[in-house]
Amino acid sequence: QALKSLLLFQTLGVDYEFFASEIDLDCPVITVSRSRESKLDHGADCKIPHRPRHAPLLPDGPAAAILRDEELLHLCRGYLAWLRLLKWDLGDDMGDYVSMDWVTARREEAKKPMEDRVLSNDVFATWMTFARLLSISHGEEKLTEEGWQRMRELEGRRMARRVPE
């Protein structure tokens, strides 16, 4: 409701303990949606259709079948959500190993031109999540060097398929 009020009327309702008030805002908003119609775009001053220059990359083989089958995709998402709940530990020795690998990767990337650099703190967080999920999916409760290298190999293959912007 608050978001709708912001988008349509540029106001934000505030409910204090003793009274409610509307605060006027001047907040330009851009909404982005993959669907043609969004619940947030009613009353929008301008709609610009998105037309990507590249066709979306769909993998071949079993992964493509998962992406095309809604029920199977739902099961895979449930599996990933379940994996996130399982006990897992990085360990002190692997923390040092992962840190050194990250520093080495950042040093290697520093040699590239600025526009070709992709490593950021968000990428590191993604790597840690991938490593955790990958090791748990292999029945491991701790990250191992082999598990980290397995994740780096898969991530390297994923990055190689990436379409340059």
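Residues numbered from 1 in each chain as written. Predicted model: local features only at pLDDT ≥ 70, side-chain atom pairs only at ≥ 80, totals over all residues. Heavy atoms only, no water.

Student: Tell me about the overall build of the protein chain, and please be specific about residues and values.
Tutor: Across its full length, the protein chain holds six helices and two strands. From first element to last, N terminus to C terminus, the protein chain shows the α and β order α-β-β-α-α-α-α-α. By the burial criterion, 21% of the 165 residues in the protein chain qualify as buried. Expressed as a percentage of contacts within the protein chain between residues at least 6 apart in sequence, the contacts between residues at least 24 apart total 44%. (Helix = DSSP H or I, 4+ residues; strand = E, 2+ residues; numbered from the N terminus. Buried < 20%, exposed > 50% of the residue type's maximum accessible area, 1.4 Å probe, protein only. Contact = heavy atoms within 4.5 Å.)

Student: So what's going on with the nonpolar core? Which residues, and what values?
Tutor: Val98, Leu119, Trp127, Leu143, Trp148 and Met151 are the most contacted members of the largest nonpolar core, which has 17 residues in total. For this core, the secondary structure elements donating two or more residues are helix H4 (92–110), helix H5 (121–137) and helix H6 (145–161). Counting residues per element, this core draws most heavily on H5, which supplies seven residues. (Core = buried A, V, L, I, M, F, W, Y, C linked by side-chain atoms within 4.5 Å.)

Student: Explain the packing of aromatic side chains residue by residue, including any values.
Tutor: Tallying each qualifying case throughout the model produces five aromatic pairs. Ring centres 5.2 Å apart and planes at 90° place the aromatic pair Trp102 and Trp127 in the edge-to-face group. Note that Trp102 is positioned in helix H4 and Trp127 in helix H5, a separation of 25 residues in sequence. You'll find Trp102 and Trp127 in the same group, each marked buried. In textbook terms, an aromatic cluster arises when at least three aromatic residues are bridged by ring pairs, as seen for Trp102, Phe124, Trp127 and Trp148. (Phe/Tyr/Trp six-rings, centres within 6.5 Å; stacked < 30°, edge-to-face > 60°.)

Student: Which residues make up the pattern of salt bridges, and what are the values?
Tutor: Under the defined criterion, the tally for this structure stands at six salt bridges. Between Asp101 and Arg152 there is a salt bridge, with the nearest N and O atoms lying 2.4 Å from each other. Here Asp101, found in helix H4, pairs with Arg152, found in helix H6; they are 51 residues apart in sequence, far enough to count as distant. Looking at Asp101, the relative accessible area reads 17%, which means it is buried. Here Glu153 makes a salt bridge to Arg157, at a shortest N to O gap of 3.4 Å. Separated by four residues within a single helix, Glu153 and Arg157 lie in helix H6, roughly one turn from each other. A relative accessible area of 48% means that Arg157 is categorised as partly exposed. (Salt bridge = Lys/Arg side-chain N within 4 Å of Asp/Glu carboxyl O.)

Student: Explain the side chain of Ser135 to me, and be specific about the residues and the numbers.
Tutor: Mapped onto the fold, Ser135 is located in helix H5. Other than its neighbours up to four places away in sequence, Ser135 contacts Trp88, Glu140, Lys142 and Leu143.

Student: I'd like a rundown of H4, residues and numbers included.
Tutor: Since the α-helix advances by 3.6 residues per turn, residues separated by three or four positions end up pointing in the same direction. In this model, H4 (19 residues) spans 27 Å end to end at C-alpha, consistent with the 27 Å of a helix rising 1.5 Å per residue. The complete set of buried residues in H4 reads Met94, Gly95, Val98, Asp101, Trp102, Ala105 and Glu109. In a view along the axis of H4, the buried residues occupy a sector of 130°, so they form one face of it. Turned more than 90 degrees from where H4 packs its buried face, Asp92, Asp93, Asp96, Met100 and Arg107 sit exposed. Packed against the buried residues of H4 are H5 and H6. (Expected span 1.5 Å × (residues − 1). Arc of directions from axis to C-beta.)

Student: For the pairing of strand E2 (residues 20–24), give the residues involved together with the corresponding values.
Tutor: Successive residues of a regular strand alternate their side chains across the two faces of the sheet. Burial analysis of E2 places just zero of its five residues in the buried class, which makes it a mostly uncovered element. Relative to E2, strand E1 (residues 11–15) runs antiparallel, the two being bridged by five bridges. By the bridge assignment, Val14 is partnered in E2 with Ser21. Where E1 folds back on E2, the antiparallel hairpin that results is connected by four residues. (Pairing = 2+ DSSP bridges.)

In short, the description is geometric, and any link to function would need to be established separately.
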